[in-house]
Amino acid sequence: MVAVNNKVRLDIEQGVAVISIDSPPVNALSHAVREGIYNGVNQALADDSVGGIVVLCEGRTFIAGADISEFGSAPKEPHLHTILEALDQSTKPVVAAIHGTALGGGLETALCCNYRIASANAKFGLPEVHLGLLPGAGGTQRLPRIVGVEKALSMVTSGAPIGAEDALKTGLIDLMAGEDLRANAIDFIRDKAAIGGDHPRVRDNQEKLSSSVPNEEIFAGVRKMIARKTRGFLAPEYNIQCIEAAVSKPFDEGMKTEGKLFMELMSGAQSKAQQYFFFAERQASKVDGIDKTTPELQIAKVGVIGGGLMGGGIAMNMANVGIPVTIVETNQTALDRGLGTIRKNYENTASKGRLRLEDVETRCNLINGALDVDALADCDLIIEAVFENMAVKKDIFSRLDVVAKPTAILASNTSALDLNEIAQATSRPESVIGLHFFSPANVMKLLEIVRGDKTSDSVIKTCMAFAKKIKKVATLVGVCPGFVGNRILFMRQHQANLVALEGAPVSQVDKVLFDFGFPMGAFQMADLAGLDLGWDKDNSNSETVKDRLCEMGRCGQKTRSGFYDYDDSRRPAPSAVVADLIADHAQKTGVIQRQISDQEILDRCILPMVNEGAKILEEGIAMRASDIDVVYVYGYGWPIYRGGPMHYANSLGLSEVVAKLRAYQQQTGDDFWEPSPLLVSLAEQGGQF
Ligand code: T1G
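Here is a short report on the structure shown in this document. (Residues numbered from 1 in each chain as written. Predicted model: local features only at pLDDT ≥ 70, side-chain atom pairs only at ≥ 80, totals over all residues. Heavy atoms only, no water.)

**Section: the site of the ligand**
Now for step 1: Residues in contact with the ligand amount to 27 residues; listed here are only the nearest, Arg60, Ala66, Glu108, Arg282 and Lys286.
Now for step 2: The contact in question runs from an oxygen atom of the ligand to an N or O atom on the side chain of Arg60, over 2.3 Å.
Now for step 3: Ala66 has a polar backbone atom sitting 2.8 Å from an oxygen atom of the ligand.
Now for step 4: The fraction of the free accessible surface of the ligand (990 Å²) that becomes covered by protein chains is 73%.
Now for step 5: Residue classes in the shell around the ligand are distributed as 16 nonpolar, 5 polar and 6 charged. (Near = heavy atom within 4 Å. Polar contact = N/O pair within 3.5 Å; in protein donor to acceptor, adjacent residues only side chain to side chain. Areas by Shrake-Rupley, 256 points an atom, 1.4 Å probe, with all protein chains shown as cover. Nonpolar A, V, L, I, M, F, W, Y, C, P; charged D, E, K, R; others polar.)

**What about a negative patch on the surface?**
Now for step 1: A cluster of acidic residues, Glu179, Asp180, Asp187 and Asp191, forms a negative patch on the protein surface.
Now for step 2: When its relative accessible area of 84% is taken as the criterion, Glu179 is described as exposed. (Patch = residues over 30% accessible without salt bridge, like charges linked within 9 Å, V, L, I, M, F, W, Y side chains within 5 Å. Salt bridge = Lys/Arg side-chain N within 4 Å of Asp/Glu carboxyl O. Lys, Arg positive; Asp, Glu negative; His and termini not counted. Charge placed at Lys NZ, Arg CZ, Asp CG, Glu CD. Buried < 20%, exposed > 50% of the residue type's maximum accessible area, 1.4 Å probe, protein only.)

**So, the pattern of salt bridges**
Now for step 1: Tallying each qualifying case throughout the model produces 43 salt bridges.
Now for step 2: A salt bridge links Asp11 to Arg9; its shortest N-O distance comes to 3.0 Å.
Now for step 3: A salt bridge links Arg223 to Glu244; the shortest N-O distance between them is 2.9 Å. Here the residue Arg223 occupies a position in helix H8 (residues 215-226), and Glu244 occupies one in helix H9 (residues 235-248), the gap between them amounting to 21 residues.
Now for step 4: Looking at Glu244, the relative accessible area reads 24%, which means it is partly exposed.
Now for step 5: Connected via shared salt-bridge partners are Arg9, Asp11, Glu13, Glu58 and Arg182. (Helix = DSSP H or I, 4+ residues; strand = E, 2+ residues; numbered from the N terminus.)

**Side note on the sheet that holds strand S12 (residues 325-328)**
Now for step 1: The mixed open sheet is built from 8 strands, whose spatial order is S13-S12-S11-S14-S15-S16-S17-S18. One side of each edge strand has no neighbouring strand; the edge strands of this open sheet are strand S13 (367-370) and strand S18 (473-477). Neighbour to neighbour, the strand axes of the sheet diverge by 25 degrees on average, direction disregarded.
Now for step 2: Taken together, the 4 bridges between strand S11 (residues 302-305) and strand S14 (residues 381-384) define a ladder with parallel strand orientation. Its bridge partner lying in S14, Ile305 is registered against Glu384.
Now for step 3: Sheet strands touched by helix H13 (residues 332-351): S12 and S13. Its angle to S13, the strand with the most contacts, is close to 165 degrees.
Now for step 4: Each of S11, S14, strand S15 (409-412) and strand S16 (432-437) is contacted by helix H15 (residues 390-403), which is oriented at about 170 degrees to S15, the strand it contacts most. (Pairing = 2+ DSSP bridges. Axes fitted to C-alpha atoms, helices over the stretch in contact; angles between N-to-C directions. Contact = heavy atoms within 4.5 Å.)

**Notes on the packing of helix H18 (residues 485-501) against helix H24 (residues 625-636)**
Now for step 1: Remark: H18 packs on H24, axes separated minimally by 10 Å, with the N-to-C direction vectors making an angle of 75 degrees. When the axes of H18 and H24 are compared, the pair comes out roughly perpendicular. Within the contact between the two elements, H18 uses Gly485, Asn486, Ile488 and Leu489 and H24 uses Ile628, Val631, Tyr632 and Tyr636. (Parallel < 35°, antiparallel > 145°, perpendicular 65-115°, else oblique.)

**Some words on helix H23 (residues 598-618)**
Now for step 1: Look at H23: 31 Å from first C-alpha to last across 21 residues, which is about the 30 Å you get at 1.5 Å a residue.
Now for step 2: Just downstream of H23 lies Gly620, where phi reads positive at about 75 degrees. (Expected span 1.5 Å × (residues − 1).)

**Side note on the sheet that holds strand S3 (residues 16-21)**
The strands making up a sheet are joined through hydrogen bonds of the backbone, oriented either antiparallel or parallel.
Now for step 1: Read across the sheet, 7 strands follow the order S1-S2-S3-S4-S5-S7-S10 without closing on themselves; strand pairing throughout is mixed. Taken across any chain shown, the strands that pair with only one partner, and hence form the sheet edges, are strand S1 (2-3) and strand S10 (175-176).
Now for step 2: One ladder, built from 4 bridges, connects strand S4 (residues 52-57) with strand S5 (residues 94-98); its direction is parallel. Bridge assignment links Ile53 to a residue of S5, and that residue is Val94.

**Thoughts on unusual backbone geometry**
Now for step 1: In this model, Pro24 is joined to Pro25 through a cis peptide bond whose omega is 5 degrees.
Now for step 2: If you trace the backbone, Pro25 turns up in the loop between S3 and helix H1 (31-46).
Now for step 3: Between Glu77 and Pro78 the backbone carries a cis peptide bond, its omega angle lying at 0 degrees.
Now for step 4: Looking at the secondary structure, you find Pro78 in the loop between S4 and helix H2 (80-88).
Now for step 5: The phi torsion at Gln14 lies on the positive side, around 50 degrees, for a residue other than glycine.
Now for step 6: Within the element layout of this structure, Gln14 appears in the loop between strand S2 (8-13) and S3.
Now for step 7: In this structure, Ser542 takes a positive phi of about 55 degrees despite not being glycine.

**Here we look at the nonpolar core**
Now for step 1: Judged by nonpolar contacts, the single largest core of 80 residues is most densely connected at Val484, Val509, Phe563, Ile606 and Trp638.
Now for step 2: Among the elements that make up this core, the one with the highest residue count is H24 (8 residues).
Now for step 3: Dropping the residues within four chain positions of it, Ile606 is found in contact with Leu513, Phe516, Phe518, Trp638 and Tyr648.
Now for step 4: Listed in part, the 56 residues of the second largest apolar core include Val94, Leu126, Ala152 and Ala164. (Core = buried A, V, L, I, M, F, W, Y, C linked by side-chain atoms within 4.5 Å.)

Shown next as structure tokens:
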């Protein structure tokens, strides 16, 4: 055995050079790994006793890509291209032996080998699009030459991996290996070396670049199919252009196109935001200050109180990962309705081919119903998901305090109420936590985990780990009205209402926010949620535009009218009635209407979100600025290619943000615009969040 360096080893076995990469956690192509592979290949080529070469990885996976953490710094030689060139030009046959996930530069490395064999559970993908990039080491030129144009387009634009079966079928791998991947690889390449002659190079394959369907049709079809989902993103289109180059240009020319487009994306704001977000999302699951030895409780059985929209969705998350869950409702009718809705949801998913029918049954069988909290006595986690009324919640928690087993975690799904007050209704505040799911709870990935003053570290650690298990992205937040997400959202909605009152049509405000990258604007969102949320019908006195709309019965999408009119397919249309009502309200409240620029609308909706985020950091409600960004991308549709409100503020420059806040404070005379001290001090130091 020769240790090429501290990351790569070279063994010569039976005339085969085995290059083993061992660089946890995912064998990313860091400088040391690249150097080790390069030197290993050259040593193998120079050794006359070597007839063939195996490239494999130790640990959990084959190479999972370039080392994203190195992107910010100047690349050091040997560059990835140099290594791939050495593999591609090798005078001895090379096989990549793949397990785990061969992703990005990892798959590109494998595509420069003559052969690829893999374990049955291996996956293969080019997910660079999720980083706002494209495969920059020949992936866009080699992949279509081996799996065909359509498959390659789907893989690079979705970033989704394919499994080993699919890879074998499409020719991406040559053999499904048995138990001993290493031994299989050595035998495989010895046989190939013994056969001699030329060995296949992916770059030389041309036949798969054309099919019965004209390529123009394929490209047009993909562009049309992904248009809605990739609105505002650059990388998907750049990936398509690279595949177009693969089919229309000689290989080396196509490589030049790939390189040019890769550098354009790499130097742009979108990929910086998406690379930042890659780490922000992973950082969010780490809780500073909790000792590694803190025990993590087992959650084998869950109870959910409330089988409505939220409770039902929450219960589905448990069933989806095989955890039995009991829903408690107040009466049989409500319980049957709740369980029926869950079944319908699963059947709906199955009808779209996204779930097998047997899985519908399996999951429904994991969800039971009961009419009394006594049924939850053996649950390890109980989540209360009833309507937002403090008295009702406190009553439920005081009953749970009696019924639940001593080690049970008692959680509230409250979206804004004071968790500490709820915890005080029990004798075990250390076991009380907030698990704020976002509607629809079985779809939205964000989970705000709310730590009470007395919530124990063990309960926090358990819930953060449990979030991963139910495939949620969790952020730990403190107790305050609206926690992080809704507290910041209130700022945007408040300003949106003001700019509308001051003369900006609601459709203009919504277009500005839609064009910024949100899935919908502030007023469409209000209509979707329902304008009567929190509206006091009996005491409403036309104080606000929203009050007046509700008093007219215009409660949003559900009443086919709110800020917009809605047709039967719920498409919004601007309403003259609403425009007149707003003008009338402005007149009644002494607001002089004027034309408002898109830029002012954007500033007034977005910058207060940043300022509130800074206050949230000052108060310790969020652990880090990047957690706030994770909340906004996963919970509120903030465009990921802008990184989140705090990253966006950094990209604007905090001095610019402070100057604009101060300018609006001047213009409106409203202290609402006072920049937070943290924001001011960071701006003064030329710092960032
Ligand atoms: N670079 C650096 N660190 C990485 C990394 C990478 N490529 N992938 C993962 N990590 C770290 C991650 O930050 C975390 O660190 C730990 O590994 C476990 O990750 C030239 C330009 C492989 C499916 O986009 O999809 O190649 O938090 O929590 O859920 O064309 O990681 O423990 O300190 O995600 O089991 C293309 C990105 C790069 C793959 C494993 N490749 N990674 O998922 O663990 S660009 C990717 C993943 C490129 C070339 C281009 C996943 C995973 P820490 P994890 P996981």
